[in-house]
Amino acid sequence: MLFALPFSLYYGGGDTFSISVSSGITMLVGALAFFLFRTKQEVRPKEGFMIVALGWIVFSAFGSLPYIIGNYIPSFTDAFFETMSGFTTTGATILTDIEVLPEGILLWRSFTHWVGGMGIIVLGIAILPLLGVGGMQLFKAEVPGPIADKLTPRVTETAKILWGVYVLLSVIETILLMLAGMNLHEALCHTFGTMATGGYSTLNKSVGGFNSAYIDYIIIIFMIIAGMNFSLHYRILKGNIKEVFVNRELQFYFAIIAFATLGIGIDTYINNYSSILETLRYTLFQVVSIITTTGFGTADYEQWSISSQLILFLIMFVGGMAGSTGGGMKVMRIYLLFKFVYAEIVRLVHPQAIVPIRMGNISVSRDVMMNILGFFVLYMLIAAFSSLFLTFQGLDIVTAIGAVAATLNNIGPGLELVGPTDNYAFLSGEVKWVLSGLMLLGRLEVYTVVILLAPSFWQK
């Protein structure tokens with residue numbers, strides 16, 4: 001919160017008091033908790049799950065204080081929704097007019113993205129492999145550098161490397177956006193939203209409000225980078241470029257972007273835009289924004305044909321690569337599901353055949369595949385029942401499905417009443433709490449939260 005204070009003082013937007021008091025309360029409670037409850041006991045898997053799941057909830061509760069104290073978002077439900085959307089890098093908003101907010105609050109709003117974005121990567125490397133969650137064993141084999149099976153200083157070293165890459169890329173994007181015409185405040189806010197694949201903007205029209213092809217393409221490039229496994233960035237910096245581009249997940253990631261852009265581009269060139277360059281600019285931006293789960297917008301894709309909207313809806317569930325700041329089911333899981341289906345078809349034709357499932361040179365064990373299949377089924381069930389609940393609350397089916405897909409996959413904009421030019425302000429409090437829960441589920445890879453509901457978790 002203190003990071004936003006200099007901008008609040010410089011612009012004199014009247015938010016200095018709310019940011020100062022909020023940070024003071026947070027530091028006081030944190031200091032008391034640290035001194036009263038710290039322990040030298042080893043963190044076991046059970047505590048790990050609790051720390052991870054409750055950590056994001058606590059972040060969001062305290063992170064909402066600047067909105068509430070400054071009366072920018074008076075309702076705790078709305079403030080919590082906005083902050084949870086920030087930390088989970090979802091980008092869904094209840095704000096109807098973003099541009100009236102002071103600069104300090106806007107920076108804090110976008111900064112929650114940046115903190116939550118790298119937070120989930122460090123979580124994925126340091127904690128999820130320890131707990132055996134979500135097929136992360138495979139990701140662990142892909143990550144370069146010092147990785148261990150338990151929390152050791154080597155994991156801390158890995159976190160430092162990833163933070164270094166994250167900061168470096170953020171600095172580069174900020175400079176490029178400033179060269180494109182943004183001021184420092186705007187450049188930082190949009191960098192935080194891009195690198196964290198969050199999507200909060202300082203303008204009501206999002207990135208489209210700048211009406212700059214140069215800005216669009218800078219953000220496209222960095223959204224693609226943010227949707228990649230961050231360990232690959234480290235390899236590139238180490239000079240292992242050839243090793244990076246033979247990565248199967250990365251190839252599949254680029255292939256999805258290319259085919260989605262081509263399919264939608266043909267349609268929008270015929271029906272919406274007058275030139276190939278204009279078509280490429282707006283189509284590629286929307287495709288990359290959706291698959292990386294960033295949620296920035298430069299065009300209203302609800303003005304496109306149903307077929308184009310369907311393609312965007314499908315890639316909402318794909319998400320970024322494992323080890324990226326993107327949400328969704330992850331490219332790796334989708335890739336392995338396709339390979340699993342192909343292997344099963346081969347086995348039907350040749351019952352005696354042994355068909356190994358591989359990710360590049362890595363053979364995927366049956367346990368990991370069962371984990372991924374279980375994740376997929378659970379993900380789809382959560383999406384289905386959540387959509388059903390939203391229809392019981394009076395929403396039409398398209399809006400309900402769009403809202404669930406947008407929050408569970410940490411995207412932000414959905415369909416119909418929660419489309420790219422709309423917001424979530426009109427929803428009831430009950431729906432906002434459900435959607436806040438879906439953001440948390442999506443950000444923490446589902447299992448981490450759902451396991452807390454299992455009776456066996458609470459047994460000694």
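The coordinates are above.
Notes on the structure in this doc start here.

## A few points about the overall build of the protein chain
Then step 1. Regarding its fold elements, the protein chain presents 21 helices and 2 strands.
Then step 2. Computed over the C-alpha atoms, the radius of gyration of the protein chain is 22 Å, within 12% of the 23 Å expected from 2.2 N^0.38 for a compact globule of 460 residues.
Then step 3. For the protein chain, the spread of C-alpha atoms along the principal axes amounts to about 75 × 65 × 55 Å.
Then step 4. Within the protein chain, the proportion of its 460 residues that are buried is 56%.
Then step 5. Sequence separation of at least 24 residues holds for 69% of the intrachain contacts in the protein chain that already meet a minimum separation of 6.
Then step 6. Side chains of the protein chain give 24 positive and 27 negative charges; the mean places of these two sets differ by 16 Å.

## Digging into the packing of helix 19 (residues 397-408) against helix 20 (residues 429-443)
A pair of packed helices is captured by two measures, namely the crossing angle of their axes and the spacing between those axes.
Then step 1. Contact geometry of helix 19 with helix 20 gives a least axis separation of 7 Å together with a crossing angle of 40°. When the interaxial angle is binned, helix 19 and helix 20 end up oblique. The residues of helix 20 that touch helix 19, namely those facing A403, V404, T407 and L408, are L435, L438, M439, L441 and G442.
Then step 2. In terms of residue class, the contact of helix 19 with helix 20 is made up of 7 nonpolar, 2 polar and no charged.

## Some thoughts on the layout of surface pockets
Then step 1. Considered as a void within the structure, the second largest pocket measures approximately 610 Å³ in volume.
Then step 2. Along the walls of the second largest pocket sit 35 residues, with N204, S206, P420, T421 and D422 positioned nearest its centre.
Then step 3. At 3 residues, the largest contribution of residues to the lining of the second largest pocket is made by helix 15 (residues 276-291).
Then step 4. Of the residues that constitute the lining of the second largest pocket, the class distribution is 13 nonpolar, 18 polar and 4 charged.

## Re the side chain of S387
Then step 1. Of note, S387 is situated in helix 18 (residues 366-392).
Then step 2. For S387, the side chain forms a polar contact with the main-chain oxygen of A383, separated by 2.8 Å.
Then step 3. Beyond its immediate chain neighbours, meaning those up to four positions away, S387 contacts A400, I401 and V404.

## Remarks on the packing of aromatic side chains
Then step 1. Summed over the entire model, instances satisfying the criterion amount to 27 aromatic pairs.
Then step 2. With 5.7 Å between their ring centres and 65° between their planes, Y166 and F230 make a pair best called edge-to-face. A residue pair is termed long-range when its members are at least 10 positions apart, and Y166 in helix 9 (residues 153-179) and F230 in helix 12 (residues 230-237) qualify at 64 residues.
Then step 3. Under the relative-accessibility criterion, Y166 is labelled buried at 0%.
Then step 4. You can call F230 buried: its relative accessible area is 0%.
Then step 5. One aromatic cluster in this structure is built from F3, F7, F111, W114, W163, Y166, F192 and F230.
Then step 6. The lysine or arginine in question, R109, covers the ring of Y200, its NZ or CZ lying 3.7 Å from the ring centre.
Then step 7. In this structure, R333 packs its charged tip against the face of F375, placed 3.7 Å from the ring centre.

## Observations concerning helix 11 (residues 213-226)
Then step 1. Over its 14 residues, helix 11 runs 20 Å from end to end, which matches the ideal 20 Å to within 8%, given 1.5 Å per residue.
Then step 2. Among the 14 residues of helix 11, 10 are classified as buried, and the element is accordingly described as predominantly covered.
Then step 3. Those residues of helix 11 that fall on the buried side of the exposure criterion are I215, D216, I218, I219, I220, F222, M223, I224, I225 and A226.

## Here we look at the pattern of salt bridges
Then step 1. Considering all chains together, one arrives at 6 salt bridges under this definition.
Then step 2. Ionic pairing is found between K330 and E445, a salt bridge with its closest N-O pair at 3.2 Å. Of this pair, K330 sits in the loop between helix 16 (306-316) and helix 17 (331-349) while E445 sits in the loop between helix 20 and helix 21 (447-450), placing them 115 residues apart in sequence. Considered together, K330 and E445 belong to a single accessibility category, that of buried residues.
Then step 3. For the salt bridge of E344 with R347, the shortest nitrogen-to-oxygen distance reads 2.4 Å. With a gap of 3 residues between them, E344 and R347 both fall in helix 17, about one helical turn apart.
Then step 4. We classify E344 as partly exposed; its relative accessible area is 31%.
Then step 5. Through salt bridges that share partners, K330, R333 and E445 make up one connected network.

Cut-offs and rules
- Residues numbered from 1 in each chain as written.
- Predicted model: local features only at pLDDT ≥ 70, side-chain atom pairs only at ≥ 80, totals over all residues.
- Heavy atoms only, no water.
- Helix = DSSP H or I, 4+ residues; strand = E, 2+ residues; numbered from the N terminus.
- Rg over C-alpha atoms; globule rule 2.2 N^0.38 Å.
- Buried < 20%, exposed > 50% of the residue type's maximum accessible area, 1.4 Å probe, protein only.
- Contact = heavy atoms within 4.5 Å.
- Lys, Arg positive; Asp, Glu negative; His and termini not counted.
- Charge placed at Lys NZ, Arg CZ, Asp CG, Glu CD.
- Axes fitted to C-alpha atoms, helices over the stretch in contact; angles between N-to-C directions.
- Parallel < 35°, antiparallel > 145°, perpendicular 65-115°, else oblique.
- Nonpolar A, V, L, I, M, F, W, Y, C, P; charged D, E, K, R; others polar.
- 1 Å grid on protein atoms, 1.4 Å probe; cavity = no way out; pocket = protein on both sides within 12 Å on 5 of 7 lines; lining within 4 Å.
- Points joined across faces, edges and corners; volume = space filled by probe spheres on them.
- Polar contact = N/O pair within 3.5 Å; in protein donor to acceptor, adjacent residues only side chain to side chain.
- Phe/Tyr/Trp six-rings, centres within 6.5 Å; stacked < 30°, edge-to-face > 60°.
- Lys NZ or Arg CZ within 6 Å of the ring centre and 35° of its normal.
- Expected span 1.5 Å × (residues − 1).
- Salt bridge = Lys/Arg side-chain N within 4 Å of Asp/Glu carboxyl O.

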